[in-house]
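So the chains spell out like this:
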Amino acid sequence: MKTTRTGVWRKRIATVACAAVLCCGLAALAGCSGGDQKEESKAPEQTQTDQAATRTFTDSAGREVEVPAQIDKIAPSGHTAMQVLLTMAPDKLVSLSQELSTDQLKYFDSKLADLPITGAAFGAKGDMNKESVAAAGPQVVIDTGEYKDGLKEDLDNLQSQLGIPVVFIETPLDGYDKSYEMLGDLLGMEDRGKELGDYCKNAYDEVKTAMAAIPESERVNVAYLMGDSGLNAIAKTSYQGTVIDMCANNVVQLEKASGSGAGNEISLEQIAVWNPDLIVFGTKSIYSTVGDDAAWAGISAIESKNYYEVPSEPWCWLNNPPTVNQIMGLQWFSRLCYPDKFDNDMQDVVTSYYKTFYNYDLSQADYDKLMSTALPR
């Protein structure tokens, strides 16, 4: 067949077109074209980002929990955790376990008053509103306090119910440096965690050293009483009485020490038998009236006016709940019992604590009000 010039050109054009199509297809597959190369280069980066979005965190219960790598929203499991987190990362909180009073709010940003109140997951009430917690949008729920049997299962169940990672940080009085170190790691706040942890360790070690120089036989006989009639006592060896036990001879020795913040119910006759040399009354107890009550007149601490009321702003310094507030209580109570064993001034200690933990500058009026019932007359 005879091929015309027109036919030759048509064949050439077709060949060139096919080659162009083939090259484009190969370029697309190989990622050679500019547009396709840009899209392809994003994919590995996105995968790496996704992989880095979470990490495994081992909590104090030994649980491996998958948590976000960057945590900006947290919720407390209950009251103990709330107090700790308010010292560490108040700006990250999206809920509170209980409402803050006006007296408490003065130490914090007023915006905290607008956060939802979600209750506590554990403890006597166990009244956490899980729907409200989820609605607040935390990336992680944090639990703190004492490790107990069955806690792992409780934490796993709560995590399953919420669909949110739940992490436990143990907070023993002698281990807050490690507690804050863990929190700093979890929240990406290593510097803040170290600042608070170092303070706690230094405070604990100072008191421990002072107490090591005081024989058991020379320690003050103390009772820590509370309740409307002053007939609830924090017993020796109880988790609530850690500060008292460390600094003094806790005369409240019972067969079964209650772990409740309300302590054990006792009788006035039993207090008279124990006859403590020093009494600390809890807030809203009988501190203001006990000196005029004839029934208490024969007790040594009352006769000598060696009784006090524990400061309670923003929370009770000694217990209820026993958490980081005890670091302040430890420094106060040891100096109350043995003032000659410490060189630094009580006001300096209290002012430093409030500045470090709450970023609050105590005025002279603040200090006088706070300590009005907590120092010798």
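Residues numbered from 1 in each chain as written. Predicted model: local features only at pLDDT ≥ 70, side-chain atom pairs only at ≥ 80, totals over all residues. Heavy atoms only, no water.

In terms of helices and strands, the chain carries 14 helices and eleven strands. Split into buried and exposed, the 377 residues of the chain put 46% on the buried side. Considering only contacts within the chain whose residues lie at least 6 apart along the sequence, 63% involve residues at least 24 apart. Within the structure as shown, the chain displays about 19,300 Å² of accessible surface, and the carbon and sulfur contribution to it stands at 49%. (Helix = DSSP H or I, 4+ residues; strand = E, 2+ residues; numbered from the N terminus. Buried < 20%, exposed > 50% of the residue type's maximum accessible area, 1.4 Å probe, protein only. Contact = heavy atoms within 4.5 Å. Areas by Shrake-Rupley, 256 points an atom, 1.4 Å probe, with all protein chains shown as cover.)

Taken as a whole and assessed by the stated rule, the structure comprises zero disulfides. Free cysteine: C247, not disulfide-bonded; nearest cysteine sulfur from C337 at 6.5 Å. Residue class for C247 comes out buried when judged on its relative accessible area of 0%. (Disulfide = S-S within 2.5 Å.)

One finds Y180, L318, W332, F333 and V350 to be the most contacted residues of the largest nonpolar core, which totals 79 residues. Looking at this core element by element, the count peaks at eight residues for helix α8 (residues 190-212). Discounting chain neighbours no more than four positions away, the residues touching W332 are V280, V310, P311, W317, L318, M346, M371 and A374. Membership of the second largest hydrophobic core comes to 20 residues, among which are L268, I271, V290 and I302. (Core = buried A, V, L, I, M, F, W, Y, C linked by side-chain atoms within 4.5 Å.)

If you walk through the whole model with that rule in mind, you get twelve salt bridges. Across the salt bridge formed by D72 and K92, the nearest N and O atoms sit 3.6 Å from each other. Taken together, the residues D72 in the loop between β2 (64-68) and β3 (74-76) and K92 in the loop between α3 (79-88) and α4 (102-105) connect sequence positions 20 residues apart. The exposure class of K92 is buried, given its relative accessible area of 13%. As a salt-bridge pair, K194 and D198 come within 2.6 Å of each other at their nearest N and O atoms. One end of the pair is K194 and the other is D198, both in helix α8 and four residues apart, which spans about a single turn. (Salt bridge = Lys/Arg side-chain N within 4 Å of Asp/Glu carboxyl O.)

This part covers the packing of aromatic side chains. Taken as a whole, this structure holds 19 aromatic pairs when the rule is applied. Look at Y147 and F168: their rings are 6.2 Å apart centre to centre, the planes differ by 50°, and that puts the pair in the tilted class. Highlighted residues: Y147 in the loop between β4 (140-145) and α6 (151-162) and F168 in strand β5 (residues 166-170), separated in sequence by 21 residues. When its relative accessible area of 1% is taken as the criterion, F168 is described as buried. Seen from their ring centres, F281 and Y307 are 6.2 Å apart, and the 85° between their planes marks the pair as edge-to-face. (Phe/Tyr/Trp six-rings, centres within 6.5 Å; stacked < 30°, edge-to-face > 60°.)

So, on to the packing of α8 against helix α13 (residues 346-358). Where α8 contacts α13, the axes come no closer than 11 Å and their chain directions differ by 155°. One element, α8, and the other, α13, form an angle in the roughly antiparallel class. As for the relative orientation of α8 and α13, their crossing is left-handed in sense. Contact with α8, carried on its side by R192, E195, L196, Y199 and C200, involves V349, S352, Y353, T356 and F357 of α13 and no other residues of that element. By residue class, the composition of the contact of α8 with α13 is six nonpolar, two polar and two charged. (Axes fitted to C-alpha atoms, helices over the stretch in contact; angles between N-to-C directions. Parallel < 35°, antiparallel > 145°, perpendicular 65-115°, else oblique. Left-handed = near helix turned anticlockwise from the far one by under 90°. Nonpolar A, V, L, I, M, F, W, Y, C, P; charged D, E, K, R; others polar.)

Residues of the chain with pLDDT of at least 70 account for 86%, and the chain-wide mean is 88. Low pLDDT, under 50, characterises residues 1-51; the stretch is placed with six contacts to residues that sit more than four places away or in other chains. (pLDDT = per-residue confidence, 0-100.)

Whether parallel or antiparallel, the strands of a sheet pair through hydrogen bonds between backbone atoms. Strand order in the open sheet formed by three strands is β3-β4-β5, with parallel pairing between adjacent strands. Taken across any chain shown, the strands that pair with only one partner, and hence form the sheet edges, are β3 and β5. Between one strand axis and the next, the sheet turns by 30° as a mean value, whatever way the strands run. Across five bridges, the pairing between β4 and β5 is parallel. (Pairing = 2+ DSSP bridges.)

With that settled, the discussion passes to the packing of α3 against helix α7 (residues 176-187). Orientation of α3 relative to α7, taken along the N-to-C sense of each, is 70°, at an axis distance of 12 Å. Here α7 runs roughly perpendicular to α3, going by the angle between their axes. As α3 runs across α7, the sense of the crossing is right-handed. The segment α3 lies against α7, with V84, L85, T87 and M88 engaging Y180, L183, G184 and L187. Considered class by class, the residues forming the contact of α3 with α7 number six nonpolar, two polar and no charged.

Between its first and last C-alpha, α8 extends 32 Å over 23 residues, near the 33 Å set by a 1.5 Å rise per residue. The complete set of buried residues in α8 reads G193, L196, G197, Y199, C200, A203, Y204, V207, A210 and M211. Buried positions along α8 lie against α3, α7, α9 (242-247), α12 (325-337) and α13. (Expected span 1.5 Å × (residues − 1).)

What follows covers unusual backbone geometry. Cis geometry marks the peptide bond from E313 to P314; its omega dihedral reads -5°. As for its position among the elements, P314 is in the loop between β11 (307-309) and α12. With an omega of 0°, the peptide bond running from N320 to P321 counts as cis. The residue N275 is not glycine, and still its phi comes out positive at about 45°. Relative to the helices and strands, N275 resides in the loop between α10 (268-274) and β10 (278-281). Among the residues examined, N275 registers a relative accessible area of 31% and is labelled partly exposed.

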